[in-house]
Amino acid sequence: MKFLCQTTAILALCAGGAFADTIKVGVIGPFSGGAALQGRNFQAGIEAYFALNGRTVGDHEIEIIYRDLPAADPGQSAALTQELIVGEGVQYLAGYYYTPDAMAAAPILEEANVPMVVFNAATSAIVNASPLVVRTSFTTFQTSTPMATVARERGIERVITVVSDYGPGVDSETAFVRAFGAAGGTVVESVRMPMSTVDFSPIMQRIRDSGAEAVFAFLPAGPQTFGFMTAFVENGLKADGVQLLAPGDLTQESDLPVLGPNAAGMLTTFHYAVSHNSPENIAFTEAATAWLGNPAELSFPAVGAFDGMHVIAHMIAATNGQQDAAAAVDSVKGLEWISPRGPVSINPDNRHITQNIYLREVAEVEGQYINHEIQVFENQGDPGWVAP
Amino acid sequence: MQTIFSIGADALAYGMVLFVISIGLSVTMGLMKFVNLAHGAFAMLGGYIASYATQSLGWHFGFALLAAVALCMILAVPLERFLYRRFYGASELRQVLMTIGLTFMMIGIANWLMGPTLKTIALPPSLQGPVDIGFRSFPAHKIFAAAVGLITALGLWLLIERTFFGVKLRAAVDDAKMAEALGIRTKAVYAISFALAIGLAAMGGVVGAQLLPIEPQYALHHMVTFLVVVCVGGAGSIGGALAACLILGMVKTTGAYLWPEFGNFFFYLAVIAIVSMLPNGLMGRAK
């Protein structure tokens, strides 16, 4: 009965919506709570896109409807998604900061004839949850794997991996261990830390005792990363020359003012650095920081949202504003463009973004810490994706 | 052998930081019989004040610490007079609901005023970086925090057990009516004790900020840890809280080194074992 009601409501909306000149895009993200800054970056990316490309595609004006989801909450995500589809009549869904939230919303897509463009959630399997999912962010596998090559190129033989014990941490560990082993290195130990760890001294002792030349680490950004980096320096590991390697989540630009000198010299691999030197990125960062007000707040979710809007605009143009999710998604398979992060394309098989992964070093430039790009791994797909 | 020493030093330091942050809650819960779940929120407030004073005003860490404690204690007076006093003697559930509501309000205000990112407190050069303690290098601020913990423990013990104020406080707690009949101004005693507890919270927030960084969700993230310390040590017992912190610090640090994949299993196992054997905590008085 519920299904029938929803379907009727959706059909009614489709009939009315097809010729309307306003296309609604529902964006779900953390706009309050602990990750509110990441939600603001979604908004900054969207507003930057509008500032540079206008709010209209042909005759169709894009209207964004935001829904706040402060913490990972699959039930609430599904409820908000339904409400956006049925209550607001959105033609496109976008945003989704956490994997469980995207996963919970995916089963609704086909029934509702709505594509989803994931701005952030980074687990490889999300694109398998529905053929109507397109992702413009990255996966933890995609950003962690090249680090194994970096470590080997620098002559590192023995590495200890240290990750927070949750989905992205485990993904990151698996990606690195797999690639580092294949490249001929030895992972001497793999430590998974509980999420609630505040005192990292015992872990630092463990790293020291393992005799590894480098640590590969993954933790959620924020208090955890801060505690980890501080402990790394204070327990003398940095002074002893142990190299700290990680994907770029750990040194996102909005955290660098706080991590500061403790992170200096640290190597990370990631798809985007605010300091990326290209005309596209300069235009993007100017527009995004103009909206944010504070340049120090700009971080990677903004570029996922910016490119997400590019994909949505292309879908609207390809379907001429008609609500046809399958056609919209088909139209962006293989789509190539120059993003602020460099050249990118949508992989036709898994609808995930193919992009350059950059090796960056945290460096001090004019009194501010930045992620300085020093090496490029071109056209990286998602090594973690398994065809369903 | 060196590893054992190392873990011991880490455990001691962690335990003492835990003590500095939790002892104020032990005072309110044990001596004032008030379940103040907003304790962590006051620690966070102290941290924010010190962070603002050192980062934006460029104050020295020592002055910032004093300012944070003083400001929080000044704020505690009207709060006690107009809000907390209404809930003395109320059911524990009402106290919990009131203080958890207060916590959420303070989280919201902190998020709105200071933003969702974490804030650091600038340490003076003498407290930054590692110090060589013979067999390894050790964070200087942890040695400082441990020293502050020891001084606090000693000072509080003297205050409660050896001063006239301590006598009045214990009398007011044991039998308020009788104490009042004897001429003790119990309301003033409670107000001072409450302000003292808030001051301790603020100090803990500032001194422990390197281990528990200051951010809006601080109070919720660490609430369980504070309660566990009070529960295991025995509410109101300074020696008990100290013993609890050292034991729990040892269990947690050893567990994190030897079996990190077990997470907090051993920590909570120790908590359950102690609380089931000693329902009033290590040194709590029987009710």
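Please read these numbers as outputs of a predicted model, since none were measured by experiment.

Criteria and cut-off values
- Residues numbered from 1 in each chain as written.
- Chains lettered and ligands numbered in written order.
- Predicted model: local features only at pLDDT ≥ 70, side-chain atom pairs only at ≥ 80, totals over all residues.
- Heavy atoms only, no water.
- Phe/Tyr/Trp six-rings, centres within 6.5 Å; stacked < 30°, edge-to-face > 60°.
- Helix = DSSP H or I, 4+ residues; strand = E, 2+ residues; numbered from the N terminus.
- Buried < 20%, exposed > 50% of the residue type's maximum accessible area, 1.4 Å probe, protein only.
- Lys NZ or Arg CZ within 6 Å of the ring centre and 35° of its normal.
- Contact = heavy atoms within 4.5 Å.
- Buried area = accessible area lost by both parts, 1.4 Å probe.
- Salt bridge = Lys/Arg side-chain N within 4 Å of Asp/Glu carboxyl O.
- Polar contact = N/O pair within 3.5 Å; in protein donor to acceptor, adjacent residues only side chain to side chain.
- pLDDT = per-residue confidence, 0-100.

Novice: Would you take a moment to explain the packing of aromatic side chains for this structure?
Specialist: The final tally for this structure, using the stated rule, is 25 aromatic pairs over all chains. Seen in terms of ring centroids, A:Phe270 and A:Phe300 are 5.0 Å apart; in terms of plane orientation they differ by 85 degrees. Their pairing is edge-to-face. Placement of A:Phe270 in strand E11 (residues 267–270) and of A:Phe300 in the loop between helix H12 (279–292) and helix H13 (301–319) is noted, with a sequence separation of 30 residues between them. Accessibility assignment for this pair places A:Phe270 and A:Phe300 in one class, buried. Taken together, A:Tyr49, A:Phe50, A:Tyr272, A:Phe284 and A:Phe306 form an aromatic cluster joined through their ring pairs. For the cation-ring pair, B:Arg81 lies above B:Phe82, with the distance from its terminal atom to the ring centre recorded as 5.3 Å. In this structure, B:Lys252 packs its charged tip against the face of B:Phe267, placed 4.7 Å from the ring centre.

Novice: How do you make sense of the interface of chain B and chain A when you look at a structure like this?
Specialist: When the parts of a complex come together, some accessible area is lost, and that lost area is often used as the size of the interface. Contacts between chain B and chain A engage 32 residues on the former and 26 residues on the latter. Around 2500 Å² of area is buried between chain B and chain A when both sides are counted, 58% of it from carbon and sulfur atoms. The tally of links from chain B across to chain A stands at 1 salt bridge. Between A:Asp199 and B:Lys142 there is a salt bridge, with its nearest N and O atoms 3.0 Å apart. Linking chain B with chain A are 9 residue pairs in polar contact (both at pLDDT 80 or more). Those elements that place two or more of their residues in the side of chain B that touches chain A are helix H1 (2–31), strand E2 (137–139), helix H5 (140–162) and helix H10 (238–258) of chain B.

Novice: I tried to follow the confidence of the model for chain A on my own but got confused; where do I start?
Specialist: In low-pLDDT segments, the atomic positions of the prediction should not be examined closely. Here chain A shows a mean pLDDT of 91. Residues at 70 or above account for 95%. This model gives residues 15–19 of chain A a pLDDT under 50, and the stretch forms 4 contacts once residues within four places in sequence are excluded.

Novice: Is there a simple way to think about the side chain of A:Asn41 in this case?
Specialist: Within the secondary structure, A:Asn41 is located in helix H2 (residues 36–53). Among the residues examined, A:Asn41 registers a relative accessible area of 0% and is labelled buried.

Novice: Please explain the environment of B:Ala219 as it appears in this structure.
Specialist: All names here are of chain B. For Ala219, the position within the fold is in helix H9 (residues 218–233). Separated by 116 residues in sequence, Ala219 and Thr103 place their C-alpha atoms 7.0 Å apart. Contact partners of Ala219, with chain neighbours within four places excluded, come to Gly40, Ala41 and Thr103.

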